[in-house]
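# Reading the structure
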Amino acid sequence: ISPDHLERHKTIRNYVSAKFKLIKNQNKNSIALINKYDKNIRSRIKKIKYQSKIIKVNTKLKKNFINKFNNEYFLSASNIENLSFVIELAKRFNVKRNNLIKVVKKFKGLNYRQQIIFKNKDILIINDSKSTSYSSSIEMLKRKNNIYWLMGGIPKIGDRFNLSQNNCRNIQGYIFGINQKKFSSDLKDKIRFKKFSNLSKALYELFRDVKKDNSSQKTILFSPAAASFDCFKNFEDRGQYFNKLIQKYIYA
C-alpha cells in the first residue's frame, strides 16, 4: 500500500481503511494473503482481529529463483512482489512447480504497464503509461543503467518523490505538459531535468541526448507519474500515442 487516490480518500489512513474492507468482509472460511513487510498492513493487522485466516507472504524472492522464470517482466520489485503472491497461491492450490514455471515464463503483462516495446544491445524502451503516481514509477527508476525518464500529466494530491539520492544519479528527466512547475519543485536538487510544452517535443530532445550518450544499456522510460486527463482520454490513449511517436525514432 502506497499513497494513492488521496484526492478521494483525503488521507493515507482513510485509504488503508478502504483497502481493508476486503478483509473485513471475509468470513472465517476465507483466506487473506498480505505482504509481511508492508508497514501500513502490519500496523493494521496488529490493531484489529479479522475472521479470515491471514497468511503473511514473503515478497523478497531470491534472484536465482526469479531467474528460473526467465521473464523480463519480473525484473522490478513491484512485479516480483506480484509474483510472490502467485507462488503462494500456487502452493495453496497444489499447482505443480514445473507447471507454474512454464506458465510464468510465457506471461505477458498489461499493455502500458512496465511494457518493453523495444530492446537491442544498447537501448531498452519501456512504456509505463499506466503509472499515475511517483510510487508507481519509482521501482523502474531503481534500474542501474542510464535512465531517460519522461513524466507529465496531472499529479496526484499528496504524492511525493521518495527516491534515494544514490538512485537519482543516473536519471535524466524530461517533464512535459502544463504542470511543469509542480514536477520541477518535486525534483529540484534530486535529478537533472528539462521542461517541454508537450510529449512530442520532450521525446525529440530526449533522442538528441541519447545519440550523444556513448554508454551501453540506456533505458528510455515513459512513466508519467501522473494522471493522463490533461491531454488524453485515459492511460491507454496516452500509451498508444507514445508508441506512435516512438516509431519514427526506432525505425528511422
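Notes on the structure follow. The shown structure was predicted, so the numbers you read here are calculated from the model rather than taken from an experiment. (Residues numbered from 1 in each chain as written. Predicted model: local features only at pLDDT ≥ 70, side-chain atom pairs only at ≥ 80, totals over all residues. Heavy atoms only, no water.)

It is worth spelling out a nonpolar patch on the surface at this point. There is a patch of nonpolar side chains on the surface, built from Leu89, Phe93 and Val95 and spanning about 310 Å² of accessible area. When you line up the elements, Phe93 lands in the loop between helix 6 (77-92) and helix 7 (97-106). (Patch = residues over 30% accessible without salt bridge, like charges linked within 9 Å, V, L, I, M, F, W, Y side chains within 5 Å. Areas by Shrake-Rupley, 256 points an atom, 1.4 Å probe, with all protein chains shown as cover. Salt bridge = Lys/Arg side-chain N within 4 Å of Asp/Glu carboxyl O. Helix = DSSP H or I, 4+ residues; strand = E, 2+ residues; numbered from the N terminus.)

The topology assignment puts Leu199 in helix 11 (residues 199-212). Put simply, Leu199 and His5 are 194 residues apart on the chain and 24 Å apart in space, counted from C-alpha to C-alpha. Setting aside anything within four residues of it in sequence, one finds Leu199 in contact with Leu150, Phe176, Phe222, Tyr241, Phe242 and Leu245. (Contact = heavy atoms within 4.5 Å.)

A full pass over the atoms with the stated rule returns 14 aromatic pairs. Ring centres of Tyr73 and Phe74 lie 5.3 Å apart, and the angle between their planes is 85°; on these two criteria the pair is classed as edge-to-face. Judged by its relative accessible area of 17%, Tyr73 falls in the buried class. The buried category is assigned to Phe74, whose relative accessible area is 7%. Each residue in the set Tyr134, Trp149, Phe161 and Phe183 is aromatic and connected to the rest through ring pairs, giving one cluster. Seen from the ring of Tyr37, Lys60 lies directly overhead, with NZ or CZ sitting 4.2 Å from the centre. (Phe/Tyr/Trp six-rings, centres within 6.5 Å; stacked < 30°, edge-to-face > 60°. Buried < 20%, exposed > 50% of the residue type's maximum accessible area, 1.4 Å probe, protein only. Lys NZ or Arg CZ within 6 Å of the ring centre and 35° of its normal.)

The side chains of a regular strand alternate between the sheet's two faces. Judged from the 5 bridges that link them, strand 1 (residues 31-35) and strand 2 (residues 53-57) form a sheet pairing that is parallel. Residue pairing for strand 2: Ile31 is matched across the bridge by Lys53. Where the polypeptide runs from strand 1 across helix 4 (residues 39-47) and back to strand 2, its parallel neighbour, the crossover connection is right-handed. (Pairing = 2+ DSSP bridges. Right-handed = clockwise from strand over helix to strand, strands pointing away.)

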